[in-house]
Structure formats: C-alpha cells, structure tokens
Amino acid sequence: MSPPRMTDLIVLGVETSCDETAAAVVRLSAAGEVCVLSSVVGLQTEQHAPFGGVVPEIAARAHVEAIDGVAAEAMARAGIRWEEVSGVAATAGPGLIGGVMVGLAFGKAVALARGLPLVAVNHLEGHAVSARLGARIDYPFLLLLVSGGHCQLLRVDGIGACTRLGSTIDDAAGEAFDKIAKSLGLPFPGGPALERLAASGDPGAFDLPRALLGRPGCDFSFSGLKTAAARRAATCSDASRADLAAAVQLAIARQLADRTRRAMTTCAEDLPPGERRFVVAGGVAANGEVRATLQDLASELGWSFHAPPLAYCTDNAAMIALAGAERLALGLTDPLSAPARPRWPLDPAAAAARPTHLPGRKGAKA
Ligand code: KG4
Ligand code: ZN
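Residues numbered from 1 in each chain as written. Chains lettered and ligands numbered in written order. Predicted model: local features only at pLDDT ≥ 70, side-chain atom pairs only at ≥ 80, totals over all residues. Heavy atoms only, no water.

Novice: What exactly am I supposed to notice about the overall build of the chain here?
Specialist: For the chain, the helix and strand inventory stands at 11 helices and 10 strands. Taken over the C-alpha trace, the chain has a radius of gyration of 20 Å; the compact-globule value for 366 residues is 21 Å, and the two agree within 12%. With the C-alpha coordinates aligned to their principal axes, the bounding extent of the chain is approximately 60 × 50 × 40 Å. Out of the 366 residues in the chain, the part that is buried amounts to 53%. Across the chain, every contact between residues at least 6 apart in sequence was considered, and the portion connecting residues at least 24 apart equals 73%. Here the chain has roughly 15300 Å² of accessible surface; of this, 55% comes from carbon and sulfur atoms. Charge centroids of the chain, computed over 34 positive and 36 negative side chains, lie 4 Å from each other. (Helix = DSSP H or I, 4+ residues; strand = E, 2+ residues; numbered from the N terminus. Rg over C-alpha atoms; globule rule 2.2 N^0.38 Å. Buried < 20%, exposed > 50% of the residue type's maximum accessible area, 1.4 Å probe, protein only. Contact = heavy atoms within 4.5 Å. Areas by Shrake-Rupley, 256 points an atom, 1.4 Å probe, with all protein chains shown as cover. Lys, Arg positive; Asp, Glu negative; His and termini not counted. Charge placed at Lys NZ, Arg CZ, Asp CG, Glu CD.)

Novice: Before we go on, may I ask you to explain the pattern of salt bridges in this structure?
Specialist: Pairing is possible between side chains that carry opposite charge, provided their charged atoms lie close to one another. Tallied over the full model, the rule gives 13 salt bridges. Residues Glu125 and Arg327 are paired through a salt bridge, measuring 2.7 Å at the closest nitrogen-oxygen approach. On the criterion of sequence distance, the pair formed by Glu125 in helix H4 (residues 123-129) and Arg327 in helix H10 (residues 318-329) is long-range, its members being 202 residues apart. Of the two residues examined, Glu125 and Arg327, each falls in the buried class. In this structure, the salt-bridge partner of Asp157 is Arg155, at a minimum N-O distance of 2.9 Å. Among the residues examined, Asp157 registers a relative accessible area of 36% and is labelled partly exposed. (Salt bridge = Lys/Arg side-chain N within 4 Å of Asp/Glu carboxyl O.)

Novice: Please explain the coordination of the zinc ion (ligand 2) as it appears in this structure.
Specialist: Taken together, the protein ligands of the zinc ion (ligand 2) are His123 (NE2), His127 (NE2) and Asp315 (OD), with distances of 2.0 to 2.1 Å. Note that the zinc ion (ligand 2) binds 4 donor atoms; their angles at the metal cover 97 to 134°, and the shape is tetrahedral. In terms of primary sequence, the donors binding the zinc ion (ligand 2) are separated according to H-x3-H-x187-D. Of this pair, His123 and His127 both sit in helix H4, 4 residues apart, roughly one helical turn. The two residues His123 and His127 agree in class, both being buried. (Donors = N, O, S within 2.8 Å, 3.2 Å for Na, K, Ca; no water. Tetrahedral: all angles 85-135°; square planar, octahedral: opposite > 155°, others 65-115°.)

Novice: Before we go on, may I ask you to explain the site of ligand 1 in this structure?
Specialist: Ligand 1 sits among 19 residues. The nearest are Gly148, Asp178, Glu195, Gly283 and Asp315. Ser147 has a polar side-chain atom sitting 3.4 Å from an oxygen atom of ligand 1. Here an oxygen atom of ligand 1 sits 2.6 Å away from a polar atom, N or O, in the side chain of Asp178. Where the shell around ligand 1 is concerned, the elements lending two or more residues are H4, helix H5 (173-183) and helix H6 (190-198). In terms of residue class, the shell around ligand 1 is built from 5 nonpolar, 11 polar and 3 charged. Two domains each put at least three residues into the shell around ligand 1: domain 1 (9-133 + 312-353) and domain 2 (141-307). (Near = heavy atom within 4 Å. Polar contact = N/O pair within 3.5 Å; in protein donor to acceptor, adjacent residues only side chain to side chain. Nonpolar A, V, L, I, M, F, W, Y, C, P; charged D, E, K, R; others polar. Domains from an automatic or database assignment.)

Novice: Sorry, what's going on with the confidence of the model for the chain here?
Specialist: Detailed reading of the predicted model is not advised wherever pLDDT is low. The pLDDT averaged across the chain works out to 94; a share of 96% of its residues lies at or above 70. Segment residues 357-366: pLDDT under 50, and 20 contacts once partners within four positions in sequence are set aside and those in other chains are kept. (pLDDT = per-residue confidence, 0-100.)

The structure is reproduced here in structure tokens:
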C-alpha cells in the first residue's frame with residue numbers, strides 16, 4: 001500500500017519496447033485516484049506490414065524519428081507545464097532492445113534537462129497496472145497477462161511483488177493469434193483481423209487440439225494449435241476460413257480459461273472471498289471472446305473481473321506512466337545509468353528456477 005502523501009503526482013510516461021511510439025501524462029492523486037491527462041500512441045503498422053511482422057531495426061529507427069513529436073503532443077494535450085511534472089517514467093525492458101534504448105535514452109534526457117526523477121519501468125509491470133487506469137482495483141489480484149510476447153499467470157501483491165504461477169512453454173497467446181492469422185492470409189497485426197473474420201464463423205466446424213486442458217499446473221502451450229491450424233488453413237476453402245478463425249479463437253480462449261481456473265483455485269486457498277480479484281491485461285485482452293470467456297469463469301468461481309479499457313490493452317504509455325507514478329509514490333527511482341534490458345522477468349526467482357525458455361536461448365525473458 002502507498003505511504004500517505006500530501007500531493008498529487010504527475011508523471012510523463014514513454015513506451016517504445018515494440019512497434020508503438022507512445023507517450024502519456026497520468027496523475028495519481030494523494031488519495032490514489034488515477035486520471036489519464038493524455039495518451040498518444042504513434043503506430044508503425046505501415047512500415048512493418050510488407051514484412052508481415054515487426055522488424056526490430058525499422059522499429060528502432062521509427063521510434064527515433066517519432067518520439068520527440070509524440071512526447072510534445074502528450075504534454076500539449078495534457079495541458080500542463082513542465083513545473084507540474086513530478087517525474088519521467090520510461091520502459092526499460094523487456095522488449096526489442098533498439099526500441100527500448102530509444103525510449104529510455106529519451107526519458108533520461110528529459111529527466112536530466114528538467115531536473116526530474118527517472119523511473120525505469122518494466123513493461124510487464126505497466127500491463128499489470130493497466131486495468132487500474134480505468135477502475136480502482138486494490139492489491140492483491142490474480143493477473144493473466146496475455147500479449148504478443150507474453151502469456152503468464154501471476155499473483156500481484158503490489159508494485160515489485162509478483163509471484164509467477166504459470167507461463168507459456170512455447171508461444172505467447174498473441175503470437176499464436178498472429179501466426180495463425182498469417183497462415184489464413186490475414187494482414188498484420190493478425191489478432192484483431194482474426195477476431196473480425198471469426199465473427200461470421202461457426203467454431204464447431206473444426207476440431208482443434210486442446211493442449212494441456214485439465215492437466216496440473218498453470219502453464220500454457222499454443223504450438224500444437226498453431227501447427228494444426230496452419231495445416232487446416234492451407235487446405236480449407238474460402239467459405240470455411242471464418243469457421244477456422246472462430247475455432248482458433250475459441251480454442252485459445254478455452255485454454256486461457258482452463259489455466260486461469262487452476263490459478264483461481266490455488267489462490268482462493270489463501271485469499272478471503274472479498275479479495276478474489278482477477279485482472280486480464282495485454283493486447284489479447286482486447287479480444288471479445290477471450291474477455292467473455294474469462295468473465296464467465298470469474299463469475300462462476302466468485303471472483304471480481306477486471307480488464308483495462310480497450311485503448312489500454314495494447315501497448316501504450318499511460319500504463320508506463322502509472323507504474324512510474326506508483327513507484328515514485330513508494331520512493332522508488334532509478335539512476336541515469338539504468339540499463340535497457342531485453343529480458344526482465346517480473347518474478348526473477350521463478351524465472352530462474354523454472355525457465356520456460358530453455359537453455360540455448362538467452363535466459364529468462366518472461
Ligand atoms: O500488449 P501488446 O500490444 O504488445 C505486447 O506487449 O506484446 O499485444 C499485442 C498482441 C498482438 O499479438 C496482437 O495480435 C494481439 O495482442 N491482439 C489481439 C487483439 N488485439 C491485439 N489478439 C486477439 N484479438 C484482438 N482483438
Ligand atoms: Zn505489451
């Protein structure tokens with residue numbers, strides 16, 4: 001819980017870990033109320049579209065070109081003066097290292113020039129607090145973080161206090177959406193395109209593998225589904241593409257719900273009913289089927305359900321500004337020597353003890 005404070009905190013947040021160049025200004029009141037004063041997200045979709053995915057070098061160069069303008073626009077839209085800003089929060093990882101370096105260096109430069117404290121924010125901690133941008137949600141809560149690079153269940157007891165309960169052993173859920181969408185011939189980014197196609201499909205028309213359903217533990221796996229769906233996509237008629245998209249979406253939603261059910265059951269053992277709060281965050285939380293399936297599960301098991309407003313599911317800087325403000329409220333700031341980190345697990349002890357990306361890779365990412 002935050003120590004008592006007399007004044008509001010106003011934080012400029014910067015996010016450049018993937019292909020969004022984003023800046024935002026967020027106010028965290030002394031009473032804990034959150035207000036997004038501005039949130040600007042510059043997209044690079046057109047630059048990456050010809051390659052069917054994000055190209056790290058292109059992303060980093062585009063961030064360099066856009067970050068000044070995006071940050072100036074966020075300050076202008078917020079209608080505040082620099083003297084009112086309490087600190088600068090910039091994503092310091094995990095993510096595409098070139099992009100992370102651009103945003104972090106920009107944040108450091110602003111902090112140095114304006115004499116403000118710097119907060120080097122873990123992008124995943126940003127997603128973890130993102131639902132708090134739209135509603136008051138107290139700690140602790142159970143978090144399902146589902147994005148393009150991550151798929152994990154965590155118990156969040158506060159800022160810097162996360163315990164990982166499970167993680168994907170292969171692809172992230174968003175990655176599965178994107179790769180299957182690509183094999184269906186859909187444009188990048190695949191998740192939203194697949195959801196639009198699925199709207200007119202019958203999910204019962206295809207029987208897809210149900211990985212890990214009912215198995216112990218809270219880990220995820222999407223590679224079998226990805227391979228099976230790609231094989232069907234190669235042979236299915238135009239008329240049945242929507243059915244396949246609907247079946248894929250349902251299979252992903254069901255796996256997320258099955259693993260979350262296990263996590264809820266485990267967490268309920270030491271959480272009183274009034275503290276059973278569930279949050280789903282990350283880009284895949286924008287998916288209607290995923291949200292509805294998880295909402296049904298939460299009400300069945302007696303948990304409150306929370307998801308960020310749609311604009312704050314996918315990458316944005318408001319969530320980074322809020323994570324920064326919460327850290328600032330606790331007196332947690334970083335030196336100008338803070339490094340950019342391509343890998344930065346939220347629960348380092350669990351990541352070291354049970355790495356989900358096995359040796360040969362560069363260590364625990366998520
Ligand atoms: O959180 P995010 O913007 O970036 C990461 O931190 O990874 O998540 C992006 C991911 C992509 O894989 C994208 O396809 C997926 O979220 N996504 C969706 C939807 N909107 C975004 N997946 C399914 N349905 C959607 N509506
Ligand atoms: Zn993200």
